[in-house]
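Each chain, written out:
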Amino acid sequence: MAEQPSNDANVVTLRNESDVAVVTIDNPPVNALRHAVRAGLAACFDKAEADAAIKAVVVACAGRTFVAGADITEFGKPPVSPILAEVCKIVEGMSKPVVAAIHGTALGGGLELALACHYRVSDAGARMGLPEVKLGILPGAGGTQLLPRAIGPEEAVRMIVTGEMIGAKKALALGLIDAIVDGDLTQGAVAFARKLVTEKKPLRRLRDQEDKLAATRKDPKKFDEIAASLTARLRGLRAPVACVESVRNSFTLPVDEGMEREREIFRELVTGDQSKAQRYIFFAEREASKVADMPAGVKPRDVKRAAVIGAGTMGGGIAMCFASAGIPVTVIETSDEALQRGLGIIRKNYEASAKRGAFSMEDAEKRIGLMTGTIDFNAVKDADFVIEAVFEEMDIKKDVFGRLDKIAKPDAILATNTSYLDVNVIAQSTMRQGSVLGTHFFSPANVMRLLEIVRGKATAPDVLATAVAVGRKIGKVPAIVGVCHGFVGNRMLRARSIEAERMLIEGALPQDVDGAIVEFGFPMGPFAMSDLAGIDVGARARKALGVRAEIADAIADLGRYGQKTGRGFYIYNPGSRTPQPDPEVEAIIVAASKKNGITRRTIDKKEIVERLIFPMINEGAQILEEGIAQRPSDIDVIWVYGYGWPIWRGGPMFYADQIGLPYIRDRLAEYAKRANDPRLEPGTMLNRLADQKATFASLTDSKKTVA
Ligand code: CAA
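Each residue is numbered by its place in its chain's sequence as written, counting from 1. Local features in a predicted model are, by the rule used here, given only for residues with pLDDT of at least 70; side-chain atom pairs are given and counted only at 80 or more, and totals for whole chains, interfaces and linings are based on all residues. Water and hydrogen atoms play no part in the side-chain values, which are based on all heavy atoms of the structure.

Across its full length, the protein holds 29 helices and 17 strands. Rg of the C-alpha trace for the protein: 28 Å, near the compact-globule value of 27 Å for 707 residues, within the 12% margin. Based on the C-alpha atoms only, the size of the protein along its principal axes is roughly 90 × 60 × 55 Å. Type-normalised accessible area, obtained with a 1.4 Å probe on protein chains alone, sets the label of each residue: buried when under 20%, exposed when over 50%, and partly exposed for intermediate values. Sorting the 707 residues of the protein into buried and exposed places 54% on the buried side. Put simply, of all contacts in the protein between residues at least 6 apart along the chain, 73% involve residues at least 24 apart. Summed over its atoms, the accessible surface of the protein is roughly 29,900 Å², and 53% of this surface lies on carbon and sulfur atoms. Charge centroids of the protein, computed over 93 positive and 89 negative side chains, lie 1 Å from each other. Counting from the N terminus, the helices are the DSSP runs of H or I reaching at least four residues and the strands are the DSSP runs of E reaching at least two. Radius of gyration: over C-alpha atoms. The globule rule applied is 2.2 Å multiplied by the number of residues raised to the 0.38 power. Whether two residues touch is decided by their heavy atoms; if any such pair falls within 4.5 Å, the residues are in contact. Each accessible area value is a Shrake-Rupley result obtained with a 1.4 Å probe; residue values ignore everything except the protein chains displayed when judging cover. By the counting rule applied here, Lys and Arg register as positive and Asp and Glu as negative, while His and the ends of each chain are not counted. To locate a charge, the coordinates of NZ of Lys, CZ of Arg, CG of Asp or CD of Glu are taken.

The rule for a residue being near a molecule or strand is that one of its heavy atoms must lie within 4 Å of it. Looking at the ligand, there are 29 residues lining it, with Arg-64, Ala-70, Gly-109, Arg-286 and Lys-290 nearest. Polar contacts, as used here, are pairs of N or O atoms within 3.5 Å; protein pairs need one atom able to donate a hydrogen and one able to accept it. Residues neighboring in sequence count only if both atoms are side-chain atoms. Within the backbone of Ile-72, a nitrogen or oxygen atom sits 2.9 Å from a nitrogen atom of the ligand. For the ligand, an oxygen atom lies 2.7 Å from a polar atom in the backbone of Gly-109. If you list the elements that add at least two residues to the shell around the ligand, you get β5 (105–107), α3 (109–116) and α12 (273–288).

Moving on: the pairing of strand β10 (residues 306–309). Taking every second residue as pointing to the same face, both faces of β10 are buried, with Ala-306 and Val-308 on one and Ala-307 and Ile-309 on the other. Strands pair, by our definition, only if DSSP identifies at least two bridges between them. Sheet topology note: the β10/strand β13 (residues 385–388) ladder contains four bridges and is parallel. When the bridges of β13 are listed, Ile-309 appears paired with Glu-388. Across four bridges, β10 lies against strand β11 (residues 329–332) in parallel orientation. Paired with Ala-307 across the strands is Thr-330, a residue of β11. Think of it like this: strands point away, you trace from the first strand over the helix to the second, and a clockwise trace means the crossover is right-handed. Handedness of the β-α-β unit built from β10, helix α13 (residues 313–324) and β11 comes out right-handed.

Throughout, the protein atoms alone are placed on a 1 Å grid, and a set of points is a cavity if a 1.4 Å probe fits but cannot get out or a pocket if it is open with protein on both sides within 12 Å along at least five of seven lines; lining residues have an atom within 4 Å of a point. Grid points are joined across faces, edges and corners, and a volume is the space filled by probe spheres set on the points. Considering all chains together, one arrives at two cavities of 30 Å³ or more under this definition. There is about 50 Å³ of room inside the largest cavity. Ranked by residue count, the leading element in the lining of the largest cavity is helix α17 (residues 423–427), at three residues. In terms of residue class, the lining of the largest cavity is made up of four nonpolar, five polar and one charged. Looking at the second largest cavity, the residues that line it are Phe-322, Phe-385, Ile-387, Thr-439, Phe-441, Leu-451, Ala-467, Val-470, Gly-471 and Ile-474. Contributions of two or more residues to the lining of the second largest cavity are made by β13, β15 (436–441) and α18 (461–473). The element best represented in the lining of the second largest cavity is α18, accounting for three residues. A breakdown of the residues in the lining of the second largest cavity according to their chemical character gives eight nonpolar, two polar and no charged. Gly is placed with the polar residues, together with every amino acid not listed as nonpolar (Ala, Val, Leu, Ile, Met, Phe, Trp, Tyr, Cys and Pro) or charged (Asp, Glu, Lys and Arg).

With that settled, the discussion passes to the packing of helix α20 (residues 510–520) against helix α25 (residues 605–625). At a minimum axis separation of 9 Å, α20 and α25 run at an interaxial angle of 85°. In terms of orientation, α20 and α25 fall into the roughly perpendicular class. Across from Asp-512, Val-513, Ala-516, Ile-517, Glu-519 and Phe-520 in α20, the residues of α25 making contact are Lys-605, Ile-608, Val-609, Leu-612 and Ile-613. Of the residues in the contact of α20 with α25, the class split is eight nonpolar, no polar and three charged. Helix axes are fitted to C-alpha atoms over the stretch in contact, other axes to C-alpha atoms as well, and angles between N-to-C directions run from 0 to 180 degrees. Working rule for angles: under 35 degrees goes down as roughly parallel, over 145 as roughly antiparallel, 65 to 115 as roughly perpendicular, anything else as oblique.

So, about the domain arrangement of the protein. Bear in mind that the domain bounds are from an automatic or database domain assignment. Domain annotation for the protein reports domain 1 (3–270), domain 2 (306–481) and domain 3 (508–600). Distance between the C-alpha centres of domain 1 and domain 2: 40 Å.

The next point concerns the pairing of β15. Judged by how many residues are buried, β15 sits mostly within the fold: six of six residues are covered. Both faces of β15 are covered, namely the face carrying Val-436, Gly-438 and His-440 and the face carrying Leu-437, Thr-439 and Phe-441. In this structure, strand β14 (residues 413–416) lies alongside β15, joined through three bridges in parallel fashion. Within the sheet, the bridge partner assigned to Thr-416 lies in β15 and is Gly-438. Where β15 meets strand β16 (residues 450–454), four bridges bridge the pair, whose relative direction is antiparallel. The residue bridging His-440 from the neighbouring strand is Glu-452, located in β16.

Turning our attention to the sheet that holds strand β8 (residues 166–167). Pairing is mixed across the open sheet formed by three strands, whose spatial order is β5-β7-β8. The strands lining the two open edges of the sheet, one partner per strand, are β5 and β8. Across two bridges, the pairing between strand β7 (residues 127–129) and β8 is antiparallel. Of the residues in β8, the one forming a bridge with Arg-127 is Gly-167. The strands touched by α3 within the sheet are β5 and β7, with β5 carrying the most contacts at an inclination of about 90°.

A few words on the packing of aromatic side chains. Note on aromatic contacts: the rings of Phe and Tyr and the six-membered ring of Trp form a pair at centre separations within 6.5 Å, being stacked when their planes are under 30 degrees apart, edge-to-face when over 60 apart, and tilted otherwise. In total, this model carries 17 aromatic pairs according to the counting rule given. Seen in terms of ring centroids, Phe-520 and Trp-645 are 5.4 Å apart; in terms of plane orientation they differ by 80°. Their pairing is edge-to-face. Of this pair, Phe-520 sits in helix α20 while Trp-645 sits in the loop between α26 (632–642) and α27 (652–659), and the two are 125 residues apart along the sequence. Assessed through its relative accessible area of 5%, Phe-520 is described here as buried. You can call Trp-645 buried: its relative accessible area is 2%. Among the aromatic residues, those joined into a ring-pair cluster are Phe-442, Phe-520, Phe-522, Trp-639, Tyr-643, Trp-645 and Tyr-655. Think of it as a cone above the ring: NZ of Lys or CZ of Arg counts as a charge over the ring if it is within 6 Å of the ring centre and within 35 degrees of the ring normal. Directly above the aromatic system of Phe-359 lies the positively charged group of Arg-367, at a separation of 3.9 Å from the ring centroid. Of note, Arg-496 hangs over the ring of Phe-522, and the distance from its end group to the ring centre comes to 5.4 Å.

If you trace the eight strands from one edge of the open sheet to the other, you get β12-β11-β10-β13-β14-β15-β16-β17, paired in mixed fashion. Either end of the sheet is taken by a strand with one partner, and the two such strands are β12 (371–374) and β17 (477–481). Strand-to-strand twist of the sheet, defined as the mean angle between neighbouring strand axes without regard to direction, takes the value 25°. Strands in contact with helix α16 (residues 394–407) are β10, β13, β14 and β15; relative to β14, the strand with the most contacts, it is inclined by about 170°.

Another point: the environment of Gly-310. Position of Gly-310 among the secondary structure elements: in the loop between β10 and α13. On a C-alpha basis, the gap between Gly-310 and Thr-334 in space is 7.9 Å, while along the polypeptide they are 24 residues apart. Setting aside residues up to four positions removed in sequence, Gly-310 forms contacts with Gly-315, Gly-316, Val-331, Ile-332, Glu-333 and Ala-389.

Here we come to the pattern of salt bridges. Any carboxyl oxygen of Asp or Glu that lies within 4 Å of a side-chain nitrogen of Lys or Arg is treated as forming a salt bridge with it. One pass over the structure, following the stated rule, counts 55 salt bridges. Notably, a salt bridge pairs Glu-619 with Arg-491, separated by 2.8 Å at the nearest N-O pair. Of the two residues, Glu-619 is situated in helix α25 and Arg-491 in helix α19 (residues 489–506); the sequence distance between them amounts to 128 residues. The class for Arg-491 is buried, based on a relative accessible area of 14%. We note a salt bridge from Glu-626 to Arg-491, for which the minimum N-O separation is 2.9 Å. Of this pair, Glu-626 sits in the loop between α25 and α26 while Arg-491 is found in helix α19, placing the two residues 135 residues apart along the sequence. Overall, the relative accessible area of 43% leaves Glu-626 in the partly exposed class.

This is how it looks when you write it as structure tokens:
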């Protein structure tokens, strides 16, 4: 973590407010429970217990948040006593009431610490959750046993398996907290504690509270149904299943046995490969938005209003990102018809989310209310951040930027949402190249987390910093990339597509290729993805590059553009998105093999996976060599958040390190020889690292260890 207090002795302090002891944790930035904090807590609670003048204890945190969890950098290392479960036992076992005073976010071990307290109060803005599942583990200090006792197993399993937070209001309604405090939180908590003493309230230890378990014990059907729906589409993730098992133990086992089993499962998961990969991605995600050469003191520009040019699929999705983050946004189209169509789809999307329960209908209206639609291009003059999302064609984009340059505020940031095009060329159509950059959103833009921020050669540091800040504000995971055709993600995707197509000609069918990579953990394979994105889109992109893909182009030539036409690499029943193998496609593929004089053969799954993924890794290495990506972990973040790479495999570069670069290099050399295709030859960086028996991770000196 960035800031560490210089003196570990002060990370937890005790002060007496007459008869109430206030234990304060001060471990910036997020009060994670590293060893010094745990030791400090144990010492302060011992002291408060021993002091006869003290009648109650409040646990509070300094800084921006209550405890946000265990210190993730300590995972995978030998645990040092007192471990959190021991600290929680001390807190729970106190002979005087203990009240947690929660502000900011009480997460993971932080919420477990609060659950060990006898009572909990928070301010109105506090949020609480057990997000361990996102790190490939489960709450290991009693969370899976105590949360069900606080709010019932059905609500608990939902919170624990999704890892999502709930706000103070909901926490109060569910019984997770006992009061919301107005005004000064610590003082409110002290008053609450004092009242407990005066009113001689019992020490309410959650471990002894069984009333919320009774109904589920009698009939676990509802619990089972919720658990089944939460674990229906895991794509190989183990932690969610373990979370369900452990929460189920809360109502089937005595509490001590449930706690013990939770600890065992925690140990299994935390030492496993999946959690290691997921912890790596946690830190990689935070690194990806850091600009390695950002001069000190650069401040992002103020963004009060955005404008999006184009209300098509991308433009509409991007506008939704701003409105959902509370930033007013103007949507500009060229015709009223296109504008109304776009705004109509936005409204439908918001209403559908509200109906699903993602937010209230009132919230949906609030978001829609932040949008202004117009066909007057001059409306960009009010925006601080303009994103152009028009057709992916250089001349059109250049024209838009030329016009923007004349109308937009002098300090407005001008971003192009492009998947492939040269941001430097686009910038040249303005007189303010420093204010231009690329923002590559992924479809559907209001859902996908990744945002590739494309840094042009003239992009000013504060413009880059603003794009990162805006990206985070609208809920994206920003990753900075340089200019090249397809940037990082799509450039690597192209390496995969070439090999996918080649395997069809050699003997595989689309369902074989897709099946193998889905088994690897992707949500869909390259051919199902082409059908979803539109085969015509890929065909156009290849045309622009002057390259062909024999089978994909033949299919596109037949007007089979994928899901939108009901046929592509697969066939789709009306109204269905489920790909069905199509004999007509098989005939096209077999004919192509014949035309190329190739005797078709069965390609096994291992070879399919290697041939899809190793060329991507090779391309990723080349991207690093050229400085298009700042670090290998940025590439991993891009693939996890933009392309469905299974998070528990940590991204292509992390995966490469796990299986060993010499093996990948040798296999690529073999595949290159077989295909007589120099594009598959291992590149300079892969060769160098393989020769040195080094890893991609060795290229960056990360202090965030996930050993
Ligand atoms: N351990 C170590 N470092 C952590 C951390 C943790 N639990 N949580 C955050 N950090 C670090 C981040 O890496 C980041 O460091 P840098 O500034 O050096 O990049 C810094 O704290 C600030 O974090 P964010 O940039 O994410 O800040 P934010 O304000 O956007 O978000 C947050 C704050 C919501 C708390 C977010 O950091 C978060 O979700 N943290 C993780 C929470 C979590 O997963 N807790 C469970 C831990 S596992 C556990 O507790 C298991 C158990 O049973 C004991």
